[in-house]
Amino acid sequence: MMMQQLQEGGPSMGVGGSYVEDGEDTVWAKDTEDAFCQALQLYPPCGRRKIVLGDEGKMYGRNELIALHIFNKTGKVRTRKQVSSHIQVLARKQQRETNQPFDGQSSAQIVTLSMGGHTGRPEHTGHPSVSTAYGRAAVVAAATAPHMSVPQFVQSGCATRQPQVHPAPQRLLLTSFNAYIRYQHTDHRHNFVAIESPGEFTSNRLESIDIVQVCDKFPGLQELCQEQPRAPMYLVKFWVDLNYDNSRSNQGLFMTTASYTSNENMRVIRSTSVLSLGKQVIEKIQVESGVPQDGAFTYQFSDAPMCEYMVKFIEKLRSIESPELVNKVLENFSVVQVLRNEENGEVLCCKAFMFETSLRGYGARHNIYRLFAASGGQGDRRFTA
């Protein structure tokens, strides 16, 4: 019912139960305006693309997410049409005050840019924007031995020097991450990928990779790394174990689970962007609050169902007999996860995932590399997830 009110047009209802018509000054009082501005930073323009919010699998547009954020912060209902109207009014005001045409930019991009946010719209660089597209496939590992394969940019010595500025201690540490199928009735679980050692991301032996080595595969991530050089950023190369019993896949649940720990109590937004064949195909937004545990706070993104796109993608990969062909497909498939503090939008950590199939008998494996941005190479692209 709540989302229905946010999605519908017409009048909105304040906390006291009285209705206010669109256009009245009270619709955008200071508290609602503050929540509106904060939401602009949290949810960059995404065009007609929809975002999966939480685990219920429903798809929402940006204006619906802004309206929901306003309600969560103020308790006041603003519809997506009111949000859209307010953005258009502010865009026209910005054009008048700056006397700039903003050719080719939408009202959402103009308003977001004027408030210091990322528009998701890059200058033309030969690469698509990361908020709507993915760019060319990067070099993927060629296995010298099935259990020892490493990315080619590491084999060739391109990933060499340590960054001059070392990352600060992590405020939010990943302690476990799994993507799996769990069969009903038996509760048997097969892991596609798994990270189960919390010390892996804090090891001093992690090799550092200049993000320029993977910028074609993760366009915009370099700029995010340069803007927030103290935010921990990692590249994780997964060898995916696709050798599950697909004859019973209709009896299984495709799930993901992740756990984080922090010394701080906050609300954490996790954005998971799935990118394939040059385009961002889906983005999932989840929000979790800290749960006190052993003197710290735990953030559990537990047993979240995979979206329909991912389930069909895994089943399609499983049906391909040739590992070489599977890897050809995976060259154009990647995932980026960005975790932020909901209160101020600060990036707490970022992980970029690359994939290759694991040969039968070797199971799910991975390598982790710390990313850093060398000086120079500034651009206008932004990773906005």
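Residues numbered from 1 in each chain as written. Predicted model: local features only at pLDDT ≥ 70, side-chain atom pairs only at ≥ 80, totals over all residues. Heavy atoms only, no water.

A. Highlighting the overall build of the protein chain. Check the secondary structure of the protein chain and you find 9 helices and 16 strands. For the protein chain, buried positions account for 51% of its 385 residues. Sequence-distant contacts in the protein chain: of pairs separated by 6 or more residues, those separated by 24 or more amount to 72%. Accessible area for the protein chain stands at about 18200 Å²; split by element, carbon and sulfur atoms hold 49% of it. (Helix = DSSP H or I, 4+ residues; strand = E, 2+ residues; numbered from the N terminus. Buried < 20%, exposed > 50% of the residue type's maximum accessible area, 1.4 Å probe, protein only. Contact = heavy atoms within 4.5 Å. Areas by Shrake-Rupley, 256 points an atom, 1.4 Å probe, with all protein chains shown as cover.)

B. View of unusual backbone geometry. One non-glycine residue with positive phi stands out, namely aspartate 294, at about 55°. Its place among the elements puts aspartate 294 in the loop between β12 (291–293) and β13 (296–305).

C. Fine view of the packing of aromatic side chains. Counting across every chain of the model gives 14 aromatic pairs. The interplanar angle of 5° and the centroid separation of 6.0 Å between the aromatic rings of phenylalanine 192 and phenylalanine 254 together place this pair among those described as stacked. Separated by 62 residues along the polypeptide, phenylalanine 192 in strand β6 (residues 189–195) and phenylalanine 254 in strand β9 (residues 252–262) bring together distant segments of the chain. For phenylalanine 254, a relative accessible area of 6% corresponds to the buried category. Geometrically, the ring pair formed by tyrosine 244 and phenylalanine 254 is edge-to-face, given 6.2 Å between the ring centres and 90° between the ring planes. Taken together, the positions of tyrosine 244 in the loop between β8 (233–240) and β9 and phenylalanine 254 in strand β9 put the pair 10 residues apart, joining distant regions of the chain. By the ring-pair criterion, three or more aromatic residues cluster together here, those being Phe177, Phe238, Tyr309, Phe313, Phe333, Phe353 and Phe355. A cation sits over an aromatic face here: arginine 189 above tyrosine 180, 4.0 Å from the ring centre. Positioned over the ring face of tyrosine 244 is arginine 318, at 5.7 Å from the centre of the ring. (Phe/Tyr/Trp six-rings, centres within 6.5 Å; stacked < 30°, edge-to-face > 60°. Lys NZ or Arg CZ within 6 Å of the ring centre and 35° of its normal.)

D. Inspection of the nonpolar core at higher detail. Ranked by internal contacts, the top residues of the largest apolar core, which has 45 residues, are Phe192 and Phe238. Looking at this core element by element, the count peaks at 6 residues for strand β5 (residues 173–183). Beyond its immediate stretch of four places on either side in the chain, phenylalanine 238 contacts Phe177, Val193, Ala194, Ile195, Phe353, Met354, Phe355, Glu356, Arg365 and His366. (Core = buried A, V, L, I, M, F, W, Y, C linked by side-chain atoms within 4.5 Å.)

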